[in-house]
Amino acid sequence: MPTGAPTGAPTLERWLAGPRFGPLPMRGAGHKAPALSFEFMPPKTEAMEQQLWTCIGRLAPLQPRFVSVTYGAGGSTQARTHATVTRLVRETSLVPAAHLTCVGAGREEVDAVARSYWEAGVRHIVALRGDAPAGESYAPHPSGYAFAVDLVAGLKRVAPFDISVAAYPEAHPQAVSRVGDLDNLKRKLDAGASRAITNFFFDTSVYLRFLDLCLAAGITAPIVPGIMPVTNLAGLRRMATLSGIGIPDWLVHMFDGLDDDVETRRMVAAVVTAEQVRLLQANGVDEFHFYTLNRAELTYSIAHILGVRPVSPPPPAAPAV
Ligand SMILES: Cc1cc2nc3c(=O)[nH]c(=O)nc-3n(C[C@H](O)[C@H](O)[C@H](O)COP(=O)(O)OP(=O)(O)OC[C@H]3O[C@@H](n4cnc5c(N)ncnc54)[C@H](O)[C@@H]3O)c2cc1C
């Protein structure tokens, strides 16, 4: 690898001596497509329901490891989450994961929801504390699970679920300290979770440093990066502020002047996300969780860039004799 020419060097010397990007992953040659999971939101209206199922239809042939369905803030979507997850069980061969939170319900009620998932054939839960309604601060339900770690332990008592939990490369906004937050993550995994999925992030080095910290804290389970393909900076700012996620200047600059140019924003989003996942892949990461926002296009194209291909359609049935 060239060491790089000083910035004042003549142009060609500077170009030819500069750092090189690694090649795009090749098919074959030891390249294994990464394992993907996709996150959906339960739909609120008939039109949104159609949009969701179109999205699922497009992404399903990529054979994700699992697809997860969120649980609205304050437990507000309990019925819709349940309906979406059980429809996934009934009508698809996908592995569904139901998000479940501690908010607004006692332990018995949460356990009953978990039991009904198990009885419906759902084996994977994304176990979360959840948040208080906007403007309020979180307080555990008097007879509820206080934190995600308690929910994980409770779920394991209900049935041998596969459990995912949340992780925060930039630390959870209410964490007492970074060390306390890491300790909380370790306790969630020790209580029975098999992986963590991170909040979205844009500074990839923050995530990679977080992996180092996890390893140093004795965590060995996968900390799967949560990938948010961004097309709308205004919407992103709202979400990022709530969850304490930094939006780097370069990302703001990328979308600068594109408020009314949806087409270009989409192309820029594809490049930004592709670059992020490629950098992660170049660092050895081979599991990705996509926040799809119930839209397939960007996730599908990024999955393609990562080397994931749809399963081929089944061969035509043999002619009747
Ligand atoms: C992948 C992913 C999916 C999500 N899906 C949903 C969803 O579907 N619905 C939803 O409402 N929200 C969802 N969230 C958001 C999540 O509910 C919030 O971020 C919430 O504020 C924290 O949830 P948690 O499970 O990380 O909580 P916890 O792990 O319980 O941690 C919450 C905070 O409490 C601290 N803490 C833990 N234990 C203690 C203790 N004993 N004493 C003091 N402090 C403690 C932790 O350090 C942390 O700061 C999701 C987040 C992620 C990353």
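Here the structure is shown first, and the text comes after it.
Residues numbered from 1 in each chain as written. Predicted model: local features only at pLDDT ≥ 70, side-chain atom pairs only at ≥ 80, totals over all residues. Heavy atoms only, no water.

### A few points about the nonpolar core
A general tendency of soluble globular proteins is for nonpolar side chains to be buried together.
Next up, step 1: Membership of the largest hydrophobic core comes to 62 residues, with the highest contact counts inside it found for L155, L185, F288 and F290.
Next up, step 2: Sort the elements by how many residues they give to this core and helix α2 (residues 46-59) lands first, with 5 residues.
Next up, step 3: Not counting the four nearest positions on each side in its chain, F288 is found in contact with P34, A35, L36, S37, V224, P225, I227, V277, L280, Q281 and L306.
Next up, step 4: The next biggest cluster of nonpolar side chains, apart from the first, holds 22 residues, and it includes A97, L128, I245 and V272. (Core = buried A, V, L, I, M, F, W, Y, C linked by side-chain atoms within 4.5 Å. Buried < 20%, exposed > 50% of the residue type's maximum accessible area, 1.4 Å probe, protein only. Helix = DSSP H or I, 4+ residues; strand = E, 2+ residues; numbered from the N terminus. Contact = heavy atoms within 4.5 Å.)

### Looking at the pairing of strand β7 (residues 223-227)
Next up, step 1: The element β7 is largely enclosed, with a buried count of 5 among its 5 residues.
Next up, step 2: Alternating positions in β7 separate into two faces, I223, P225 and I227 on one and V224 and G226 on the other, with burial throughout.
Next up, step 3: Here 3 bridges tie strand β6 (residues 195-200) to β7, and the two strands are oriented parallel to one another. For I197, the partnering residue across the bridge sits in β7 and is V224.
Next up, step 4: Running through helix α7 (residues 204-216), the crossover from β6 to the neighbouring parallel element β7 is right-handed.
Next up, step 5: Where β7 meets strand β8 (residues 287-291), 2 bridges bridge the pair, whose relative direction is parallel. Along β8, the bridge assignment pairs I227 with F290. (Pairing = 2+ DSSP bridges. Right-handed = clockwise from strand over helix to strand, strands pointing away.)

### Section: the site of the ligand
Next up, step 1: Near the ligand lie 23 residues; those nearest to it are Y71, D131, Y168, H172 and K188.
Next up, step 2: Within the side chain of H172, one N or O atom sits 2.7 Å away from an oxygen atom of the ligand.
Next up, step 3: Between the ligand and N184 there is a distance of 2.8 Å, counted from an oxygen atom to a side-chain nitrogen or oxygen.
Next up, step 4: Coverage of the ligand by the protein amounts to 83% of the 990 Å² it exposes when considered alone.
Next up, step 5: Of all the elements in the fold, those that place two or more residues in the shell around the ligand are β3 (96-101), α6 (178-190) and β6. (Near = heavy atom within 4 Å. Polar contact = N/O pair within 3.5 Å; in protein donor to acceptor, adjacent residues only side chain to side chain. Areas by Shrake-Rupley, 256 points an atom, 1.4 Å probe, with all protein chains shown as cover.)

### A closer look at the side chain of D111
Next up, step 1: By the element assignment, D111 lies in helix α4 (residues 107-119).
Next up, step 2: At 4.7 Å, R115 is the nearest oppositely charged side chain to D111, a buried residue that forms no salt bridge. (Lys, Arg positive; Asp, Glu negative; His and termini not counted. Salt bridge = Lys/Arg side-chain N within 4 Å of Asp/Glu carboxyl O.)

### Notes on the packing of aromatic side chains
Next up, step 1: Evaluation of the coordinates by the stated rule reveals 6 aromatic pairs.
Next up, step 2: When the ring of W118 is compared with that of F161, the centres are 5.1 Å apart and the planes differ by 90°; the resulting orientation is edge-to-face. You can see W118 sitting in helix α4 and its partner F161 sitting in the loop between α5 (148-158) and β5 (162-167), a full 43 residues away along the chain.
Next up, step 3: You can call W118 partly exposed: its relative accessible area is 24%.
Next up, step 4: Of the residues examined, F161 reaches a relative accessible area of 1% and is grouped as buried.
Next up, step 5: With a centroid separation of 4.9 Å and 0° between ring planes, the pair formed by F201 and Y207 is classed as stacked.
Next up, step 6: Residue class for Y207 comes out buried when judged on its relative accessible area of 1%.
Next up, step 7: Grouping aromatic residues by their ring pairs yields a cluster made of F200, F202 and Y291.
Next up, step 8: Above the face of the W53 ring, R87 is positioned so that its terminal group lies 3.9 Å from the ring centre.
Next up, step 9: Lying over the aromatic face of W118, R123 brings its terminal NZ or CZ to 3.7 Å of the ring centre. (Phe/Tyr/Trp six-rings, centres within 6.5 Å; stacked < 30°, edge-to-face > 60°. Lys NZ or Arg CZ within 6 Å of the ring centre and 35° of its normal.)

### Re the packing of α6 against α7
Next up, step 1: Two elements in contact, α6 and α7, have axes separated by 10 Å at closest approach and are oriented at 70°. Taken together, the axes of α6 and α7 lie roughly perpendicular to each other. Between α6 and α7 lies a crossing of right-handed hand. Here R178, L182 and L185 of α6 come into contact with α7, specifically with F210, L213 and C214. (Axes fitted to C-alpha atoms, helices over the stretch in contact; angles between N-to-C directions. Parallel < 35°, antiparallel > 145°, perpendicular 65-115°, else oblique. Left-handed = near helix turned anticlockwise from the far one by under 90°.)

### Side note on a nonpolar patch on the surface
Next up, step 1: Taken together, the side chains of L12, W15 and L16 make up a nonpolar region of the molecular surface, amounting to roughly 380 Å² of accessible area.
Next up, step 2: Of note, L16 is situated in helix α1 (residues 11-17).
Next up, step 3: Of the residues examined, L16 reaches a relative accessible area of 60% and is grouped as exposed. (Patch = residues over 30% accessible without salt bridge, like charges linked within 9 Å, V, L, I, M, F, W, Y side chains within 5 Å.)

These figures capture arrangement, not role.
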